[in-house]
Amino acid sequence: MKRILLIAAVLAATSGLAFSGSADSVKSIDLPVVKTNLADAPGKDKAEKFCSLCHSPDYITMQPKFSRAQWTGTVNKMIKAFGAPIQEEDAKVIVDYLSTAYGNGK
Ligand code: HEC
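Residues numbered from 1 in each chain as written. Predicted model: local features only at pLDDT ≥ 70, side-chain atom pairs only at ≥ 80, totals over all residues. Heavy atoms only, no water.

> Got a minute to help me understand the coordination of the iron atom of the ligand in this structure?
Geometry sets the ideal angles at a metal, namely 109.5 degrees for four tetrahedral donors and 90 or 180 degrees for six octahedral donors. Summarising the metal site, the iron atom of the ligand is bound by the protein donors His55 (NE2) and Met78 (SD), whose distances to it range over 2.0 to 2.2 Å. With a relative accessible area of 24%, His55 lands in the partly exposed category. Judged by its relative accessible area of 22%, Met78 falls in the partly exposed class. (Donors = N, O, S within 2.8 Å, 3.2 Å for Na, K, Ca; no water. Buried < 20%, exposed > 50% of the residue type's maximum accessible area, 1.4 Å probe, protein only.)

In structure tokens form, the structure reads like this:
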């Protein structure tokens, strides 16, 4: 049974390749909208969009309340160490959001 599935997968993959030369074979898929339980505050949309690319946004809600400096450090780490594709203006909005919704007021 496993072998038949494998052959089917290989056939599907190679027939897909055979079509890839033609322009009307371009396919698109709609990614599901990820529902999160992030708190409502301005900037939530950007945090949902960018902070659930690599891991669950629960990583945010699992943290203790952070200061703005700590959230800035976390967001910078995601960008610099892990390669999160977040532009500076978006990063600012996200830090504002995190400091408001998950901050300790410092
Ligand atoms: C490019 C991938 C990527 C993106 C995008 C990303 N992260 Fe992460 N994040 C990671 C990795 C990798 C870890 C470490 C995972 C682990 O240790 O299991 C991590 C861990 C974390 C942690 C756990 C504590 C820590 O500091 O390690 C927090 C909090 C966090 N991310 C928040 C965020 C926030 C907020 C955003 C949006 C600004 C974000 N992440 C976007 C890759 C990413």
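> It is not clear to me how the nonpolar core should be interpreted in this structure. Could you clarify?
Proteins that are soluble and globular tend to have nonpolar side chains buried together. The biggest cluster of nonpolar side chains holds 18 residues, and the ones touching the most others in it are Ile60, Ile94, Tyr97, Leu98 and Tyr102. Within the residue set of this core, elements represented by two or more residues are helix 2 (44-51), helix 4 (68-80) and helix 5 (88-101). It is helix 5 that contributes the most residues to this core, six residues altogether. Sequence-distant contacts of Tyr102, that is, excluding residues within four places in its chain, are made with Asn37, Leu38, Ala39, Ile60, Thr61, Lys65, Phe66, Trp71 and Tyr97. (Core = buried A, V, L, I, M, F, W, Y, C linked by side-chain atoms within 4.5 Å. Helix = DSSP H or I, 4+ residues; strand = E, 2+ residues; numbered from the N terminus. Contact = heavy atoms within 4.5 Å.)

> Mind showing me how you'd approach the side chain of Asp90 here?
Within the secondary structure, Asp90 sits in helix 5. We classify Asp90 as buried; its relative accessible area is 16%. Engagement of the side chain of Asp90 in a polar contact is seen with the side chain of Lys46, the distance being 3.2 Å. Setting aside chain neighbours within four positions, we find Asp90 in contact with Lys46 and Phe50. (Polar contact = N/O pair within 3.5 Å; in protein donor to acceptor, adjacent residues only side chain to side chain.)

> Sorry, what's going on with the packing of helix 4 against helix 5 here?
A packed helix pair is summarised by two numbers, namely the angle formed by the two axes and the spacing between the axes. Two numbers describe how helix 4 lies on helix 5: the axes approach to 9 Å, and their chain directions differ by 140°. The angle between helix 4 and helix 5 falls in the class oblique. Helix 4 and helix 5 meet at a crossing whose hand is right-handed. Mapping the contact onto sequence places Arg68, Trp71, Thr72, Val75 and Ile79 in helix 4 and Ala91, Ile94, Val95, Asp96, Leu98 and Ser99 in helix 5. Looking at side-chain class alone, the contact of helix 4 with helix 5 contains seven nonpolar, two polar and two charged residues. (Axes fitted to C-alpha atoms, helices over the stretch in contact; angles between N-to-C directions. Parallel < 35°, antiparallel > 145°, perpendicular 65-115°, else oblique. Left-handed = near helix turned anticlockwise from the far one by under 90°. Nonpolar A, V, L, I, M, F, W, Y, C, P; charged D, E, K, R; others polar.)

> Would you mind going over the site of the ligand with me for this structure?
In the vicinity of the ligand, 17 residues are found, and the nearest of them are Cys51, Cys54, His55, Lys77 and Met78. Between the ligand and His55 there is a distance of 2.8 Å, counted from a nitrogen atom to a side-chain nitrogen or oxygen. Here an oxygen atom of the ligand and a side-chain polar atom of Tyr59 are 3.4 Å apart. Residue assignment for the shell around the ligand shows that the elements contributing at least two residues are helix 2, helix 3 (58-61), helix 4 and helix 5. For the shell around the ligand, the leading source of residues is helix 4, giving three residues. Partitioning the shell around the ligand into residue classes produces 12 nonpolar, four polar and one charged. (Near = heavy atom within 4 Å.)

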